[in-house]
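Next come the chains, spelled out residue by residue.
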Amino acid sequence: MIRYMIKRLLAMIPVLIGITFLVFMIMQLAPGDPARLILGENASPEEVKELREQMGLEDPVLVQYFRYMVNLCKGDMGKSYITNRLVASEVAARFPYTLKLALVSAAVSILIAIPLGIIAAVKQNTIFDNTCMVLSLVGISMPAFWMALMLVLVFSLRLGWLPVQGANMGWRSYVLPSIAIGFMNMAAIARTTRSSMLETIRQDYVRTAKSKGISNASAILGHAFPNALIPTVTVVGVQLGGLIGGAVLTETVFAWPGLGRLIVQSVNARDVPMILGCMVVMSVSFSVINLVVDLLYGLLDPRVKSMYA
Amino acid sequence: MVIGSQSNNTLEIRDLVVEYRTRERVVHAVNSLSLTVGRGQTLGLVGETGAGKTTTGLAVMGLIPKPAGVVLGGAILLNGEDVLHKSDREMKQIRGKTVSMIFQDPMSSLNPVMSIERQISEAIRAHDRSLTRSQVLQKAHEMLEMVGIPRDRGSEYPHQFSGGMKQRVVIAMALSCKPDLIIADEPTTALDVTIQAQVLGLMKDLKDQYRTSMVMITHDLGIVAETCDSVSVMYAGSIVEHGTLHDVFDDPLHPYTKGLFGSLPRLDDRRAKLQPIKGLMPDPSNLPTGCTFWPRCDHAKDVCRVEKPNPTYFGGEHFVNCHLFNEEISGARTVNMGD
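Residues numbered from 1 in each chain as written. Chains lettered and ligands numbered in written order. Predicted model: local features only at pLDDT ≥ 70, side-chain atom pairs only at ≥ 80, totals over all residues. Heavy atoms only, no water.

Caption draft 1: Expanded view of the interface of chain A and chain B. Across the contact, 19 residues belong to chain A and 23 residues belong to chain B. Taking both partners together, chain A and chain B bury about 1900 Å²; carbon and sulfur atoms supply 62% of that area. Of all residues in chain A, A:Arg207, A:Ser211 and A:Lys212 give up the largest surface area on contact with chain B, accounting jointly for 31% of the area buried on that side. Viewed at the interface, chain B and chain A are joined by one salt bridge. The closest approach of N and O atoms between A:Lys212 and B:Glu122, which form a salt bridge, is 2.9 Å. For the interface between chain A and chain B, the tally reads 10 residue pairs in polar contact (both at pLDDT 80 or more). For the side of chain A that touches chain B, the secondary structure elements donating two or more residues are α9 (204-211), α10 (216-246) and α14 (302-308) of chain A. For the side of chain A that touches chain B, the element with the highest residue contribution is α9(A), accounting for six residues. Considering only residue class, the side of chain A that touches chain B consists of five nonpolar, eight polar and six charged. (Contact = heavy atoms within 4.5 Å. Buried area = accessible area lost by both parts, 1.4 Å probe. Salt bridge = Lys/Arg side-chain N within 4 Å of Asp/Glu carboxyl O. Polar contact = N/O pair within 3.5 Å; in protein donor to acceptor, adjacent residues only side chain to side chain. Helix = DSSP H or I, 4+ residues; strand = E, 2+ residues; numbered from the N terminus. Nonpolar A, V, L, I, M, F, W, Y, C, P; charged D, E, K, R; others polar.)

Here you go:
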């Protein structure tokens, strides 16, 4: 197991090199000159050239990339072109907000969606099941940012129960953003849980369990559910990765001080070091979550675990 | 015998009717089936796939898949008590404790993500809450050793065992609460022949040791000869012939029973051709009128197509449901059936 973990952690290195390289190259293609951006429209060409040399922008791209990677290994992500602040400290300040929001919304959606999925499967084709499935279809079809706007309109502006935006009002600040992000995920988790439960509650081993004299509920929760968990864990893992990198629209709507909003601001300002910094942190988080999910498979299913050895 | 009284029989099924209803059709899985298993006896329930053998077993367990499966009538007396009138709570007590079932495919009848000792412990704990955790585990390990699996393998998972070993685990689980009756649903069909013999031997030993009654559901007459005291031959959801092992093997009467024996290759006469029964089992959602076997029967008469045959007894428990024997009991044995 430990060997497997080390192997997986090492395998993250090429992934990160690939991602940074890709992002670096794309930023090269983007129009606009950082030096011109910093100095403003009125700077003379000589001044711009001088700054470019200072910033190392005159060197070949590969040299620039190599220099960036060497610094990255030392924990130095460079400075923002715009604010001149350290990228590392800026990202470190924003990341916890994104992570917290992601975890809260994932926890809420898991806690609601899994029981719903199980009950819907057990009561297949009843009103409860149909209602759940229609609602989750709505949930999947509704864009998160639209949902966010509607929530703000109703609960913040009309009813005045919850803050419109920002993260400075304790748990109240988390309610609307996590619902906006979590609703779609909840729908997907419920549907996945339901469909894999439908499969497992018909398995022979559930019948065997019942034949031992245990209750219907323990047969379903103790035998069918653990076997149905793997697809659900896969979905949750992908979602969590998405939440860390992809809550851009929702963070923008709620003016959430997280990575998603930082990356939008940085792209608008062509703040290359900041964009790169955000991308690196997001992709590392994504890889780590993937690793955790894979390790969870091993815990959930001994057959997978024996393949690691 | 009076219904509800303490009887000498572990299991008595009377006129059981089970249907599966789907939107399109009604499948008549079990049609007025009656059978009896004496205390400590093994009854072989023999028939082709689709004859309703498994459904009968599941009905005794109260595990007919709902909502499609419906028990329409009849009585299932376990130690004299009708399980069809038990509440869910009472059925929970009965399953595993009074009657347990060994299922056909050991590959799929064990939970792949739970260690085998936990799966056995669960059965023990379900019927004895007074035991501590370690006592339960101890008992589970004893059961494992009894079926020939070392106790230190208890923490392993089903995928780490071979098919035969898995079936041993299932047997350990079924016996863990010393049930009065075991329903073994083709327990060796999914296993290699050599392993089959081992598992059957084990089941026989354990059954004798615990004086358990057993219903051996199988389509294999060899297994019946090996393990059973009496035999019920099942066709299209009801019993067509019943008798002791000797009655049925030495003197099969029903054309279907004869057909089953005719379908077996013989070692003593290797030139003899197999004589398979012509045709297929009737569609259980569209059973023929009269005797359900007449479309495949070489001796079918007009009466067979219209009237259901009644049992004709031939001394002891041996009976046959066939019109060929119905008219004149005295002359029945001399009916020439071309063999």
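Still to come is the rest of the account.
Caption draft 2: Up close: the packing of helix α3 (residues 116-127) of chain B against helix α5 (residues 163-175) of chain B. Residues and elements named next belong to chain B. At a minimum axis separation of 8 Å, α3 and α5 run at an interaxial angle of 20°. Taken together, the axes of α3 and α5 are roughly parallel relative to one another. Both α3 and α5 take part in a crossing whose hand is right-handed. Each of Ile-116, Gln-119, Ile-120 and Ala-123 in α3 lies in contact with α5, whose residues at this interface are Val-169, Ala-172 and Met-173. Looking at the contact of α3 with α5 residue by residue, the classes come out as six nonpolar, one polar and no charged. (Axes fitted to C-alpha atoms, helices over the stretch in contact; angles between N-to-C directions. Parallel < 35°, antiparallel > 145°, perpendicular 65-115°, else oblique. Left-handed = near helix turned anticlockwise from the far one by under 90°.)

Caption draft 3: Molecular detail of the sheet that holds strand β8 (residues 213-218) of chain B. Residues and elements named next belong to chain B. One open sheet holds the eight strands; their spatial order is β6-β7-β8-β3-β9-β10-β12-β11, and the pairing between them is mixed. The sheet is open, and its two edges are formed by β6 (99-102) and β11 (311-313), each paired on a single side. Going across the sheet, the axis of each strand differs from the next one's by a mean of 20°, ignoring polarity. Where strand β7 (residues 181-185) and β8 come together, five bridges link them in parallel fashion. Directly across from Leu-181, in β8, lies its bridge partner Ser-213. Sheet strands in contact with helix α6 (residues 193-210) are β3 (42-46), β6, β7 and β8, and its direction is about 160° off that of β8. Set on the sheet, helix α9 (residues 255-262) makes contact with β3, β9 (230-235) and β10 (238-244); between it and β9 the angle comes to about 100°. (Pairing = 2+ DSSP bridges.)

Caption draft 4: A look at the layout of surface pockets. As a volume, the largest pocket reaches approximately 1300 Å³. Lining the largest pocket are 39 residues; nearest its centre among them are A:Lys210, A:Asn216, B:Ile64, B:Pro65 and B:Lys66. Broken down by element, the lining of the largest pocket gets its largest block of residues, four residues, from α9(A). For the lining of the largest pocket, the per-class residue count stands at 18 nonpolar, 10 polar and 11 charged. (1 Å grid on protein atoms, 1.4 Å probe; cavity = no way out; pocket = protein on both sides within 12 Å on 5 of 7 lines; lining within 4 Å. Points joined across faces, edges and corners; volume = space filled by probe spheres on them.)

Caption draft 5: Broad picture of the sheet that holds strand β2 (residues 26-38) of chain B. All names here are of chain B. Ordered by their spatial adjacency, four strands build an open sheet running β2-β1-β4-β5, and the pairing between neighbours is antiparallel. Two strands in the sheet have a free side with no partner beyond their single neighbour: β2 and β5 (81-82). Here strand β4 (residues 69-78) pairs with β5 via two bridges, running antiparallel. For Leu-77, the partnering residue across the bridge sits in β5 and is Asp-82. Sheet strands in contact with helix α1 (residues 53-61) are β1 (9-21), β2 and β4, and its direction is about 110° off that of β1.

Caption draft 6: Representation of the pattern of salt bridges. All names here are of chain B. Following the criterion strictly, the structure yields 17 salt bridges over all chains and no others. We note a salt bridge from Arg-25 to Asp-283, for which the minimum N-O separation is 3.4 Å. With Arg-25 in the loop between β1 and β2 and Asp-283 in the loop between α9 and α10 (302-306), this pair connects stretches of sequence that are 258 residues apart. Classification of Arg-25 by relative accessible area gives partly exposed; the value is 41%. Note on Asp-283: relative accessible area 35%, which makes it partly exposed. Of the charged contacts in the structure, one is a salt bridge between Arg-153 and Glu-156, with a shortest N-O distance of 2.9 Å. The exposure class of Arg-153 is partly exposed, given its relative accessible area of 23%. The class of Glu-156 is partly exposed, set by a relative accessible area of 21%. (Buried < 20%, exposed > 50% of the residue type's maximum accessible area, 1.4 Å probe, protein only.)

Caption draft 7: Summary view of the pairing of β3(B). All names here are of chain B. Taken across its five residues, β3 has five buried, putting it largely inside the fold. The pairing of β3 with β9 spans four bridges and is parallel. In the strand pairing of β9, Leu-45 is matched with Ser-232.

Caption draft 8: Main features of empty space enclosed by the protein. Per the counting criterion, the structure on display carries five cavities of 30 Å³ or more. Here the largest cavity defines a volume of roughly 90 Å³. Lining the largest cavity are 14 residues, with A:Ser211, A:Lys212, B:Ser100, B:Met173 and B:Ala174 positioned closest to its centre. Looking at the lining of the largest cavity, the elements with two or more residues in it are α9 of chain A together with β6, α3 and α5 of chain B. Per-element tally for the lining of the largest cavity: the top contributor is α5(B), with three residues. Approximately 70 Å³ is the volume found for the second largest cavity. Looking at the second largest cavity, the residues that line it are B:His254, B:Pro255, B:Cys291, B:Phe293, B:Trp294, B:Cys297, B:His299, B:Ala300, B:Cys304, B:Cys322, B:His323 and B:Leu324. Partitioned by chemical class, the residues of the lining of the second largest cavity number nine nonpolar, three polar and no charged.

Caption draft 9: Expanded view of the packing of aromatic side chains. Evaluation of the coordinates by the stated rule reveals 12 aromatic pairs over all chains. Ring centres 5.3 Å apart and planes at 50° place the aromatic pair B:Tyr313 and B:Phe319 in the tilted group. Taking relative accessible area as the criterion, B:Phe319 reaches 13% and is therefore assigned buried. When the centroid spacing of 5.6 Å and the interplanar angle of 85° are considered together, the rings of B:Phe314 and B:Phe325 count as edge-to-face. One end of the pair, B:Phe314, is in the loop between β11 and β12 (319-321); the other, B:Phe325, is in the loop between β12 and α11 (329-332), and 11 residues separate them in sequence. Relative accessible area serves as the criterion here: at 14%, B:Phe314 is assigned to the buried category. Grouped by ring-pair contacts, the aromatic residues A:Phe21, A:Phe24, A:Tyr65 and A:Tyr68 constitute a single cluster. A cation sits over an aromatic face here: A:Lys100 above A:Tyr97, 5.6 Å from the ring centre. (Phe/Tyr/Trp six-rings, centres within 6.5 Å; stacked < 30°, edge-to-face > 60°. Lys NZ or Arg CZ within 6 Å of the ring centre and 35° of its normal.)

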